[in-house]
Amino acid sequence: MIATTGTETENVLPVNGNAKRKQRGRTTPRAKDGDTAVKRVTLKGRLHLLPDIALEIQFMIYNQLEPRDLHHLSRTCKKFRAFFLNKKLAEKLWECARRNTDSLPPRPPFMSEPAFIHLLYASNCHYCGAQGVRKILHGCFIRLCPSCFQNSTTDTDWLSSEYNKHINVNIHGNRLKLRSLFYYDDEAVLPTFDGGHWKDGREKPRRLLKSDAKKIIERLAELPQPCTEEDTEAFIKALGEEQDLRLQYSELVQTWSMKREEQRMRELEDLRQRRFESILVRLRGAGWGPELDFLGEEDVNKIAKMPVVRQSCKLTEGSWNKVLISLDKLLNNTRMRRRRAELCVVLHPRFADLEEALQAHYVTLPRNARMDCRPTYIDLALMPECRAIIDVPTSVTVTAEDFAAGIPAVAEKWEENMKKELTAYIRPHLPKIARRNPDPLTLAIAIFNCEDRCAWAWHWPNILLHGCFYGVDSTMDDSEDDDAYTYAAKVMNFKEPTDDSPCMYDDKERDFPFRTSALTSKSEDARRAVDCMSAIVSACGLNPSKATIEDLERTDAWLWCTHCKADNGRRVMQWRAAFEHYGTLSSVDDHKWSRVDKDDLHLVHAVYEEAIASRGDRIMNVDLSCSLCSAFDAPLDAMQVHLKKTHSLDDPIQALHDGIIYCHPSYLNVWSSSHTYVIDL
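What counts and how
- Residues numbered from 1 in each chain as written.
- Predicted model: local features only at pLDDT ≥ 70, side-chain atom pairs only at ≥ 80, totals over all residues.
- Heavy atoms only, no water.
- Salt bridge = Lys/Arg side-chain N within 4 Å of Asp/Glu carboxyl O.
- Buried < 20%, exposed > 50% of the residue type's maximum accessible area, 1.4 Å probe, protein only.
- 1 Å grid on protein atoms, 1.4 Å probe; cavity = no way out; pocket = protein on both sides within 12 Å on 5 of 7 lines; lining within 4 Å.
- Points joined across faces, edges and corners; volume = space filled by probe spheres on them.
- Nonpolar A, V, L, I, M, F, W, Y, C, P; charged D, E, K, R; others polar.
- Helix = DSSP H or I, 4+ residues; strand = E, 2+ residues; numbered from the N terminus.
- Lys, Arg positive; Asp, Glu negative; His and termini not counted.
- Polar contact = N/O pair within 3.5 Å; in protein donor to acceptor, adjacent residues only side chain to side chain.
- Contact = heavy atoms within 4.5 Å.
- Axes fitted to C-alpha atoms, helices over the stretch in contact; angles between N-to-C directions.
- Parallel < 35°, antiparallel > 145°, perpendicular 65-115°, else oblique.
- Core = buried A, V, L, I, M, F, W, Y, C linked by side-chain atoms within 4.5 Å.
- Pairing = 2+ DSSP bridges.
- Expected span 1.5 Å × (residues − 1).
- Bend = angle between axes of the 7 residues up to and from the residue.

Draft legend 1. Inspection of the pattern of salt bridges at higher detail. Across all of its chains, the model carries 23 salt bridges by this definition. A salt bridge links arginine 284 to aspartate 293, with the nearest nitrogen and oxygen atoms 3.0 Å apart. Exposure remark for arginine 284: the relative accessible area of 45% places this residue in the partly exposed category. When the shortest N-O distance is used, the salt bridge between glutamate 342 and arginine 338 registers 2.9 Å.

The structure is reproduced here in C-alpha cells:
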C-alpha cells in the first residue's frame, strides 16, 4: 500500500513494538492508540519508489534518457544495479538509450553495453576504484591509476619467465620462440605501453598487461600436442586478428575520449572565466577598480592564473574571502604604486623645470665642454633646498624661475661635497709630493676607475658624465622603501597614461643621483690607474706630481707603445687611448711609452686630418655638441642638418676645426680611442 498524501512518503508500515524499523528520514510523533500507521516524511527528489512503478511506465521514462544517465542510476542502489544490469532488459534499456545520442563510438562485440558505457563515463580505476583516472589504456579498454598500472603490467623479462615455466610447445622438435608467439607480421598481438626511462636516459622495456599475457599463455597451453607448424601459425594469426579488432574499436574510443576531454576543458574554462568575471565585479564593488585599471590587461590576466582564482567552482562567500586574502598584498602594493605614479605625473614637470634652471645656470653661449659637466635634476632634487620648492601641493604652480635664485648656491654646495668625496678617495693613491697639492683633482694623474673597471680615463669634472656613477647597485636599490617624493624623483622614465596602456610609468627604469660608491673598492686597482697615468704623463714630457689636465691637453703629444708591434710601422695614439691600451696588458711595467718626435708629428697630423675629412666610423660613432646652442647634441649627420638649417653652415668638418662644434665630453674617450693609427715613422 502506497500513501497518497500531498508530500512524498514511504510505504506505510504497521506499528509493531517488537519489530525493528529502519529509520530512513525524519519521522512524525508515534501514532496514538488505534492508529495503524506512521507517516514518515522524506526529502524531495529521492528515487527509491521508482523501481516499484509499473515496468511500462519505467521504460517510458528510461527510453528518454541517455546511456550516461542509465549508468548513473545503476550506481545509486542495489535495486537499480540489479535492474539495469539485467541482460534480458539490455535491449529495452541500453539499446534505446544509445539511440538518444549520436556521439558515442560503436561498442566492441566482446563487451556488454553496460560495461562499455562504464568504460566511457566512469573515471575510476578498474582495479582499486581510485577517482580521477581520465585516460583509457589504448587497446585494453580499461582505466588504471599509476599504482595499479605498475602492479598490473610487466615487461618482457617477466613474460619470458612465465613462458619458460608453463609452455613447452615443440614444432618438429624445435621449441617455439617467444617472439614468434607474441608477434604477427612484426606487429605485437598485445597492446604495449611506454615503460619510461632509466636515470641514465636509456629507455626501459615496454610494458604489457599481465592478465592479457596470461590468457595467451593459457590458451597456448591448451593446444594439442604434438603441435604442428600450421596449428601455431593459425593460433598466432587468430591472436593478430583479435588485436586488429581491438585496435580498430580502440581508435574510435580514443577519438571520442579526446573530443570529450576537449569539450570538458572548454566547459571548465568557461566556468573559470565566469568565476573570474564575478571576482572582478566584486573587486570593483569593493573599491579596487582604479587598481585594476592601473594594472592593465596583462597583469590582470596574471591574476586570472592564480590558483585561488583559476577554479571552476562557483564563487561563494567563503571562496570570495580566500580570494581577498590572497590578493590583499598585490592590491595594496598596486594601490601604493598607483598613487606614486599619479604623484610622478604631478612632479615630473617640476623636475623638468629644475633641469631647465640648472641648464640656464651652467650654460652660457658659446657653450663649451666644461658647461656640459654639471649635476642633473636628480642630484639637486633630493637636497632640502630644492625639495622645499618641488614638494608642494598640486594647487601651487612651480616654474623654472622659482629655482633660479637658489640654484647657484645649491649647485656650488653640491659640487663642493662631490669634490671632497673624490679628493678623500684619490689622495691616498697619489705620490707623496702630489698629495700636498691643495686641489689634487686638477692633476692629470688624478684619474678614477669605476667598480665595473671601465678602461676609460675619467677626471674631474668629466666623471660627472660617466653612466656607471649614476647607475644602481645593491646598496641603493631601495626605491620600494623610499617615501613617495624620493621614489617619484628616481622614477622618471614613465609613460603618460592612455586608454591602451593605463600603466603610467616603467617601474623598472630608475634614475639615481651621482654616487662615489661606484668607484673601485680595490686599492690596487686605484693605485694601478694612477701609476699608468703617471707613466703616460712622463712620456709626454711633464712632471706627474705637478702637471694638470690642461697642461696635458696643451702638449698635443702622440705616443707609441714600445711593447706592441705593428706590421707596417708604429701604432700611435693620444693619451686617453694610451690609458685604455693599458687594459690589454697584465702589468704597468710590461712596456714603455715613447713620444713621437716633432719632426714626425706632421705625418700623424696628416693622417688625423684625413680621417676627420673622410667622415669614417671614427667620427660617426660619437655625439657632437653645438657651441651656438644651449642643448643640442647629435651625431655628425644630424649635426650637419642642424648647422645648415639653424646656423646656415654647410661644412661640419670646418665647423669642427673652428670650434663651433666639439666632441661631447662624455665621448672624449671613444673619440680618442678611435683615432689610433699605424704610421711608418
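Draft legend 2. Seen up close, the layout of surface pockets. Considered as a void within the structure, the largest pocket measures approximately 1200 Å³ in volume. Here the lining of the largest pocket is built from residues that sort into 21 nonpolar, 9 polar and 8 charged.

Draft legend 3. Region of the structure containing the side chain of aspartate 379. Within the secondary structure layout, aspartate 379 lies in helix α14 (residues 377–381). Of the side chains with opposite charge, arginine 374 comes closest to the buried, unpaired aspartate 379, at an N-O distance of 9.3 Å. Within the structure, the side chain of aspartate 379 is placed 2.7 Å from the backbone nitrogen of phenylalanine 514, a separation counted as a polar contact. Residue contacts for aspartate 379: discarding those within four places in its chain leaves Trp414, Tyr470, Pro513 and Phe514.

Draft legend 4. Quick look at the packing of helix α5 (residues 113–121) against helix α10 (residues 229–285). The geometry of α5 relative to α10 is characterised by a closest axis approach of 11 Å and an angle of 40° between their N-to-C directions. Considered as vectors, α5 and α10 are oriented oblique to each other. Judged by residue contacts, Phe116, Leu120 and Tyr121 of α5 engage Val253, Trp256 and Arg260 from α10. Looking at the contact of α5 with α10 residue by residue, the classes come out as 5 nonpolar, no polar and 1 charged.

Draft legend 5. How the structure looks around the nonpolar core. Membership of the largest hydrophobic core comes to 71 residues, with the highest contact counts inside it found for Leu354, Leu380, Ile463, Ile536 and Trp593. The set of elements that each furnish at least two residues to this core consists of α12 (317–362), α14, α15 (384–390), α17 (407–426), α19 (484–490), α20 (523–539), β10 (559–561) and α22 (575–581). Not counting the four nearest positions on each side in its chain, tryptophan 593 is found in contact with Ile536, Ala539, Leu559, Trp560, Cys561, Met573, Ala578, His581 and Tyr582.

Draft legend 6. Region of interest: the sheet that holds strand β15 (residues 661–663). The strand order β14-β13-β15 describes an open sheet built from 3 strands, whose pairing is antiparallel. At either margin of the open sheet sits one strand with a lone partner, and together these are β14 (633–634) and β15. Bridge count for strand β13 (residues 624–626) against β15 is 3 bridges, and the pairing is antiparallel. Opposite serine 625, over in β15, you have tyrosine 662 as the bridge partner.

Draft legend 7. Here's a closer look at the sheet that holds strand β12 (residues 593–595). Taken in spatial order, the 4 strands line up as β12-β10-β11-β16 in an open sheet, and their pairing is antiparallel. In this open sheet, the two edge strands, each paired with only one partner strand, are β12 and β16 (677–679). Here the average twist between neighbouring strands, direction ignored, is 40°. Across 2 bridges, β10 lies against strand β11 (residues 570–573) in antiparallel orientation. Counterpart to tryptophan 560 in the pairing with β11 is valine 572.

Draft legend 8. Spotlight on the packing of helix α2 (residues 67–74) against helix α4 (residues 90–98). Interaxial distance between α2 and α4 falls to 8 Å at its minimum, and their mutual angle equals 140°. Compared by their axis directions, α2 and α4 come out oblique. Within the contact between the two elements, α2 uses Pro67, Leu70 and His71 and α4 uses Leu93, Trp94, Ala97 and Arg98. Taken together, the residues that form the contact of α2 with α4 break down as 5 nonpolar, 1 polar and 1 charged.

Draft legend 9. Representation of the side chain of threonine 334 within the structure. When you line up the elements, threonine 334 lands in helix α12. For threonine 334, the contacting residues outside a window of four places in its chain are Glu291, Phe294 and Leu295.

Draft legend 10. Expanded view of the environment of valine 345. Assignment of secondary structure puts valine 345 in helix α12. Note: C-alpha distance between valine 345 and alanine 488 (143 residues apart in sequence) is 8.8 Å.

Draft legend 11. Quick peek at helix α11 (residues 289–304). If you check α11, its first and last C-alpha atoms are just 16 Å apart, much less than what 16 residues at 1.5 Å a residue would give, namely 22 Å. Along α11, the sharpest kink reaches roughly 110°, centred on glycine 296. Along α11, the residues that are buried comprise Gly289, Glu291, Leu292, Phe294, Leu295, Gly296, Val300, Ile303 and Ala304. Where the residues of α11 are buried, they touch α10 and α12.

Taken by themselves, the reported measurements are silent on function.
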